[in-house]
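# Structural characterization, general
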Amino acid sequence: MKETTKLLHSIPVDELTGAISTPIYQTSTYVQEAPGVNKGYDYARSNNPTRKVLEDLIAGLESGSNGYAFASGLAAIDAVVKLLSSGDEIVAVDDIYGGAFRLFTHIYQKFGITVKYVDATDPANIAHAITPATKLIWIESPTNPTLKIADIAAIAKIAKAKGVLLCVDNTFASPASQKPIELGADLVIHSATKYLAGHSDLIAGLVVTKTEELGEQIKFIQNASGAILAPFDSWLVIRGIETLSLRVKQHSENAQQIAEYLLTQPLVKNVYYPGLPQHKNHEVANKQQRYAGGVISFDLKIDDKELATQLVSSTRFFKLAESLGGVKSLICLPCEMTHKSIPAEKRRAAGVSDSLIRLSVGLEDVEDLIEDLQVQFVALSKKVSITA
Ligand SMILES: *Cc1c(COP(=O)(O)O)cnc(C)c1O
């Protein structure tokens, strides 16, 4: 059985009715036959059959042992950090998702957990940062918004040798493209808000563990802290995952063409896309990802926020919004949006210039998306030649 067949048929048919679509169990509690005698479900924070189908589905898809669904990607990240204790240290990728940075720095630091941020494009940087207090390595690949790639298998080797857990935020690649647990990671988290749900219609998070033992710890935290995913949203994520491999393939094909188009544009300075041979870690991306993904960033030769603002505010099909991974294309200006809370100097040092534009390439016909950008480049070049 091949992968997509296996995925689709791992979603069980409802035993009670034969419903082919997973029933939505919209309930808070379950009637018991006698005190403590139940059908495996007692209270819906602890367990819900709809959520359970999603949790088993993502565990299978990520080649892990257990999966857990949370109210948001950040709630999933939060659950993983709660595996640690005061005095423990995290070594994290330096261009980490801003929300994870905020959580680590502004919430967990005050509980005595410290974080070191390193450039994970070279695994040696991670090895050097590990101390006896390090309990968790946290990476993303590709990263946001400059699409840096970390060699997951190489970092997993380091983690294993040092007895440190490795967690990979697999949001940008999605399991249709990259499976960190197969590459040696212990934990995978997702903002299911993005590619997994895929339609920009909910907020959700997932954790997958490599082992049963880690799974039980995450399950305990999920129930103890309570940030569970609701039944209807669980159902929507299941529905999204059914078409994940088709979508990610098409997102990537569209993005590859747009990235190649951007390279030809005289106003464009850098194009950040792992599918381009020019990308610094293109070989590593090829090795560990099946698809290069749907996110591209680029900046302008004239690093001017006003010009970039005009571009992102004027596209027709690329809608100006935060987030990514939906069927409709989005465009954003990280310095004013997703990365505004990072001090300007630090932001620029990380490659997020004032004109850096991030695209989440959707499933529209790629010719229309390229024309949409072309119209903007023509308008910008007129503006530039007038002011020059
Ligand atoms: C969006 C995102 C998150 C946070 O997920 P939410 O669902 O918004 O809480 C975490 N990591 C990455 C890489 C993301 O893009």
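A separate point is the site of the ligand. The immediate surroundings of the ligand are formed by 14 residues, with G73, D169, S191, T193 and K194 found nearest. Contact between the ligand and L74: an oxygen atom at 2.9 Å from a main-chain N or O atom of the residue. One nitrogen or oxygen atom from the side chain of S191 is found 2.8 Å from an oxygen atom belonging to the ligand. If the ligand stood free it would expose 380 Å²; the protein chains cover 92% of that surface. By residue number, the principal contributor to the shell around the ligand is helix α3 (residues 73-81), which donates three residues. The residue inventory of the shell around the ligand, partitioned by class, reads six nonpolar, five polar and three charged.

Moving on, we come to the sheet that holds strand β5 (residues 165-169). The strand order β1-β7-β6-β5-β4-β2-β3 describes an open sheet built from seven strands, whose pairing is mixed. The open sheet terminates on both sides in strands that have one partner only, identified here as β1 (66-70) and β3 (114-118). For this sheet, the mean angle separating the axes of adjacent strands, direction not counted, is 20°. This element, α3, spans β1, β2 (89-93), β4 (134-140), β5, β6 (187-191) and β7 (205-209) of the sheet and lies at about 155° to β6. Each of β1, β5, β6 and β7 is contacted by helix α7 (residues 212-225), which is oriented at about 20° to β1, the strand it contacts most.

Moving on to the pattern of salt bridges. One pass over the structure, following the stated rule, counts 17 salt bridges. For the salt bridge of E33 with K39, the shortest nitrogen-to-oxygen distance reads 3.6 Å. Considered together, E33 and K39 belong to a single accessibility category, that of exposed residues. We note a salt bridge from E89 to K116, for which the minimum N-O separation is 3.6 Å.

Let us now look at the domain arrangement of the protein. Examined at the domain level, the protein breaks down into domain 1 (3-241) and domain 2 (246-381). For domain 1 versus domain 2, the distance between C-alpha centres works out to 27 Å. The interface of domain 1 with domain 2 comprises 32 residues on the first partner and 32 residues on the second. In this assembly, domain 1 packs against domain 2 so that about 2,600 Å² is buried in total across both faces, 54% of it on carbon and sulfur atoms. Taking the shortest distance from any N to any O, the salt bridge between R290 and E3 comes out at 3.3 Å. Between domain 1 and domain 2 we count 16 residue pairs in polar contact (both at pLDDT 80 or more) in total. Counting only elements with at least two residues in the side of domain 1 that touches domain 2, the list comes to α6 (152-162) and α8 (231-242).

Procedures and definitions
Residues numbered from 1 in each chain as written. Predicted model: local features only at pLDDT ≥ 70, side-chain atom pairs only at ≥ 80, totals over all residues. Heavy atoms only, no water. Near = heavy atom within 4 Å. Polar contact = N/O pair within 3.5 Å; in protein donor to acceptor, adjacent residues only side chain to side chain. Areas by Shrake-Rupley, 256 points an atom, 1.4 Å probe, with all protein chains shown as cover. Helix = DSSP H or I, 4+ residues; strand = E, 2+ residues; numbered from the N terminus. Nonpolar A, V, L, I, M, F, W, Y, C, P; charged D, E, K, R; others polar. Pairing = 2+ DSSP bridges. Axes fitted to C-alpha atoms, helices over the stretch in contact; angles between N-to-C directions. Contact = heavy atoms within 4.5 Å. Salt bridge = Lys/Arg side-chain N within 4 Å of Asp/Glu carboxyl O. Buried < 20%, exposed > 50% of the residue type's maximum accessible area, 1.4 Å probe, protein only. Domains from an automatic or database assignment. Buried area = accessible area lost by both parts, 1.4 Å probe.

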